[in-house]
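Examination of the molecular architecture
Chain by chain, the residues run as shown.
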Amino acid sequence: MKPKAYERSIDPATRAMLLKAEKEGIETAWDRYEKQLPQCSFGQLGVCCRNCNMGPCRIDPFGEGADKGVCGATADIIVARNLLRMIAAGAAAHSDHARDAVLTFKKMSGGEAGSYGIKDEAKLFSLAAEYGISAEDRSKEEITAELASALLAEFGKQEGPIQYTRRAPETRLRLWAELGIEPRGIDREIVECMHRTHMGVDNDATHILLHGLRTSLSDGWGGSMIATEVQDVLFGTPEPRKATVNLGVLSEDKVNVIIHGHEPILSEMIVEAAEDPTLLKLAKEKGAKGINVAGICCTGNETLMRHGTPIAGTFLQQELAVITGAVEAMVVDVQCVMPALGSLTGCYHTKFISTSPKADFPGTNRIEFHEEKAYETAKEIVRTAVENFPNRSPEKVSIPDEKQECMVGFSAEAILKALGGTPTPLIDAIAGGSVKGIGAVVGCNNVKVQHNYGHVNLVKELIKNNVLVVTTGCNAIACAEAGLLVPEAASMAGEGLKGVCEALGIPPVLHMGSCVDISRILVLASAIAKALGVDISDLPAAGAAPEWMSEKAVSIGAYVVSSGVYTVLGTVPPVLGSAAVADLLTRGLDGVVGASFAVEPDPFKAASLMLARIEEKRKALGLKA
Ligand code: SF4
Ligand code: MSK
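All values reported here derive from a predicted model rather than from experimental measurement.

**Digging into the overall build of the protein**
Within the protein one finds 25 helices and 16 strands. In terms of overall size, the protein behaves like a compact globule, its C-alpha atoms giving a radius of gyration of 24 Å where 625 residues would be expected to give roughly 25 Å. For the protein, the spread of C-alpha atoms along the principal axes amounts to about 65 × 65 × 50 Å. Expressed as a percentage of its 625 residues, the buried residues of the protein come to 61%. Here the protein displays about 22700 Å² of accessible surface, and carbon together with sulfur accounts for 53% of that area. Computing the positive centroid from 62 side-chain charges and the negative centroid from 77, the protein places the two 2 Å apart.

So this is what it looks like as structure tokens:
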């Protein structure tokens, strides 16, 4: 019988660490998932409600038991309300991250966050211009302060659309206005989700879901876009660079510091602190050859994109990094951090350091991070890791060999630059048929499916069929681990795409950043649509999230579809308890926003669905098959 590790992941490094975990009697997310089986089918279908204390109520999907909650809520209402709450949570996570980035930006302009500066001045001026902020005869600090205030106002704005929605094509803007889903202030939309889903407020599934679209748009074209743009100004807009990924990036003889979570406000400082001469000297004194910082999840993607800092793994590899026995500190901020890390790090010498005022976990060494003392705190964190190096138990250390080169840093600006400053060469390649279209593949890992199987096979299938893939988040890391983010991967692409990649020296799969950087994909799609004089929904493009798990992914899916991009989900969202909601999401939305969802766990079939949609759009544009 094949060991479980082989069923759980396609990645050799992951399999090796799962075998080590089994040998050492260490529990991982996969084991905990098995203990949960069978999972609650009411929960899976989305038909349980705890929104008031007359409940919990649940609807019998077989029509034999209750068909309504105590208040009379039907399955349609309950499923729609639950979905709206997922969108609200996801939009809140991205947008609260954005708020913190803007607050840092504001503090920096007032001289209260001296560790930070302006890395991309051109972007500062262009963002200011979008808000009508004059740059004439004014210092950078003044412009920054005014821009920060304008961006902060987007969160609590009571009326009028979020400024960055204006980047969408005119036809899309008109459609959102007609549908009444143009997003107002980000906080306002999220609060309204909670209000509407309170007992006895919004009880029409379609009405509820339309607000879901509006809220998600306040994330994609609001919170996420603000986070991306401000981080670019503070830390630099990514440009193509080389890096390495997978658990093999951990070092046998250096102090290993993992940065995990989502916010680069901290991780940027850790990367800098790891080069501090006093800390490097201390590392030598402790017997280490240096300090090695490696990322997990999106805080890792942020430093990967801007500095080429290596990435140790995707979401499901966070525990496995600790299981190597070679991690001196697991430093976390917010989002996608498993609370299980507390007891796990207790089995090794690893210090589990939580840093966000918003997020603590069992078993952490708490070193709270505040922008005012950013660099000092980052140094304290790195020092804690260095001082922990002598506690490593050599007999517990086993680092997999696998590490893979990748080319990253494809911001929308970098892609346009690679194309010579305009989207025209890409449009020509699409029009001529050498590139059939664009596939945006993003999202998490999920223990319900084999780790990285969906990500890698879907993307391989798309490039084989001449679809240029743009990627973010854990999909980007999975693709990097599979060797798809190097120019040589063009050999796996169809002839047309291969030729384009070889001419430009780019991989067929372009890493565009972290989860909030899906906003970069919106900007790129908008630029192409505007250049063609069409709406985003007219483009030969399709999206996918083959292994998604987080509420953020639900918000992302909703704003991508609301922006006009057909999206295939690889894991089933909890909506099947309502035929009406499922039908609206998979069919009805097409007639509303020009795009809809599909659910297809098989990556090969998912690719076929995307290819069919791309062909349909090509035909409608009069492009050759
Ligand atoms: Fe039950 Fe209605 Fe209360 Fe939900 S809101 S728990 S369905 S009574
Ligand atoms: S990190 S949200 S597991 S992509 Fe952005 Fe990965 Fe999903 Fe977290």
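**Structural notes on the packing of helix H7 (residues 140-156) against helix H9 (residues 186-197)**
The N-to-C vectors of H7 and H9 enclose an angle of 15°; their axes lie 3 Å apart at closest approach. Judged by the inter-axis angle, H7 sits roughly parallel to H9. Of the residues in H9, those touching H7 at Glu154, Phe155 and Gly156 are Ile186, Asp187 and Arg188. Of the residues in the contact of H7 with H9, the class split is two nonpolar, one polar and three charged.

**Notes on the nonpolar core**
In summary, soluble globular proteins display a tendency toward joint burial of nonpolar side chains. Core analysis: the biggest nonpolar cluster contains 168 residues, and Phe105, Tyr116, Ile226, Val255, Ile270, Ile291 and Leu462 have the highest contact counts within it. The element contributing the most residues to this core is helix H5 (residues 75-109), with 16 residues. Among all residues touching Phe105, those that are not within four sequence positions of it are Ile118, Leu124, Thr144, Leu147, Ala148, Val230, Val233 and Leu234. Ranked by size, the runner-up nonpolar core spans 40 residues in total, among them Ala13, Trp30, Leu316 and Ala340.

**Quick word on the environment of Gly25**
Looking at the secondary structure, you find Gly25 in the loop between helix H2 (12-24) and helix H3 (29-36). For the pair Gly25 and Leu234, spaced 209 residues apart in sequence, the C-alpha to C-alpha distance is 44 Å.

**Some remarks on the environment of Ala168**
Looking at the secondary structure, you find Ala168 in the loop between H7 and helix H8 (170-179). On the basis of relative accessibility, which here comes to 2%, the residue Ala168 falls in the buried class. The spacing of Ala168 and Ala431 is 263 residues in sequence and 22 Å in space, taken between C-alpha atoms. Ignoring sequence-local partners within four residues, the contact set of Ala168 consists of Leu173, Trp176, Trp221, Ser526 and Lys530.

**Digging into helix H10 (residues 205-235)**
Look at H10: 42 Å from first C-alpha to last across 31 residues, which is about the 45 Å you get at 1.5 Å a residue. The sharpest bend along H10 measures roughly 35° and falls at Met225. Gly236 sits one or two residues past H10 and shows a positive phi near 105°.

**Let's talk about the domain arrangement of the protein**
Looking at the protein, the domain boundaries give domain 1 (4-45), domain 2 (75-235), domain 3 (249-396) and domain 4 (404-620). Between the C-alpha centres of domain 3 and domain 4 the distance comes to 31 Å. Taken together, the contact between domain 3 and domain 4 spans 17 residues of the former and 24 residues of the latter. Taking both partners together, domain 3 and domain 4 bury about 1500 Å²; carbon and sulfur atoms supply 70% of that area. The largest share of the area that domain 3 buries against domain 4 comes from Met305, Thr314 and Leu316, three residues that together contribute 38% of it. At the boundary of domain 3 and domain 4, one finds zero salt bridges. Across the domain 3-domain 4 interface, the total number found is nine residue pairs in polar contact (both at pLDDT 80 or more). Going through the elements one at a time, helix H13 (297-307) and strand E6 (311-313) are the ones with two or more residues in the side of domain 3 that touches domain 4.

**Regarding the pairing of strand E14 (residues 541-545)**
Most of E14 sits inside the fold, with five of its five residues counted as buried. Judged by which residues are buried, E14 turns out to be covered on both faces: Ala541, Gly543 and Ala545 on one side and Ala542 and Ala544 on the other are all buried. Note that strand E11 (residues 437-441) and E14 share four bridges and pair parallel. When the sheet's bridge partners are listed, Ala440 is paired in E14 with Gly543. With three bridges connecting them, E14 and strand E15 (residues 567-569) associate as parallel partners. By the bridge assignment for E15, Ala545 is matched with Leu569. The handedness of the E14 to E15 crossover, carried by helix H23 (residues 551-562), is right-handed.

**Describing the pattern of salt bridges**
Applying the stated rule across the entire model yields 44 salt bridges. Residue Glu130 is joined to Arg167 by a salt bridge in which the shortest nitrogen-to-oxygen separation is 2.6 Å. In this pair, Glu130 is assigned in helix H6 (residues 121-130) and Arg167 in the loop between H7 and H8, connecting sequence segments 37 residues apart. With a relative accessible area of 27%, Glu130 lands in the partly exposed category. Among the salt bridges present, the one from Asp517 reaches Arg520, with a minimum N-O distance of 3.6 Å. When its relative accessible area of 3% is taken as the criterion, Arg520 is described as buried. Each of Lys123, Glu130, Arg167, Glu229, Asp232, Glu302, Arg306, Glu413, Asp517 and Arg520 takes part in one network of salt bridges that share partners.

What counts, and where the lines are drawn
Residues numbered from 1 in each chain as written. Chains lettered and ligands numbered in written order. Predicted model: local features only at pLDDT ≥ 70, side-chain atom pairs only at ≥ 80, totals over all residues. Heavy atoms only, no water. Helix = DSSP H or I, 4+ residues; strand = E, 2+ residues; numbered from the N terminus. Rg over C-alpha atoms; globule rule 2.2 N^0.38 Å. Buried < 20%, exposed > 50% of the residue type's maximum accessible area, 1.4 Å probe, protein only. Areas by Shrake-Rupley, 256 points an atom, 1.4 Å probe, with all protein chains shown as cover. Lys, Arg positive; Asp, Glu negative; His and termini not counted. Charge placed at Lys NZ, Arg CZ, Asp CG, Glu CD. Axes fitted to C-alpha atoms, helices over the stretch in contact; angles between N-to-C directions. Parallel < 35°, antiparallel > 145°, perpendicular 65-115°, else oblique. Contact = heavy atoms within 4.5 Å. Nonpolar A, V, L, I, M, F, W, Y, C, P; charged D, E, K, R; others polar. Core = buried A, V, L, I, M, F, W, Y, C linked by side-chain atoms within 4.5 Å. Expected span 1.5 Å × (residues − 1). Bend = angle between axes of the 7 residues up to and from the residue. Domains from an automatic or database assignment. Buried area = accessible area lost by both parts, 1.4 Å probe. Salt bridge = Lys/Arg side-chain N within 4 Å of Asp/Glu carboxyl O. Polar contact = N/O pair within 3.5 Å; in protein donor to acceptor, adjacent residues only side chain to side chain. Pairing = 2+ DSSP bridges. Right-handed = clockwise from strand over helix to strand, strands pointing away.

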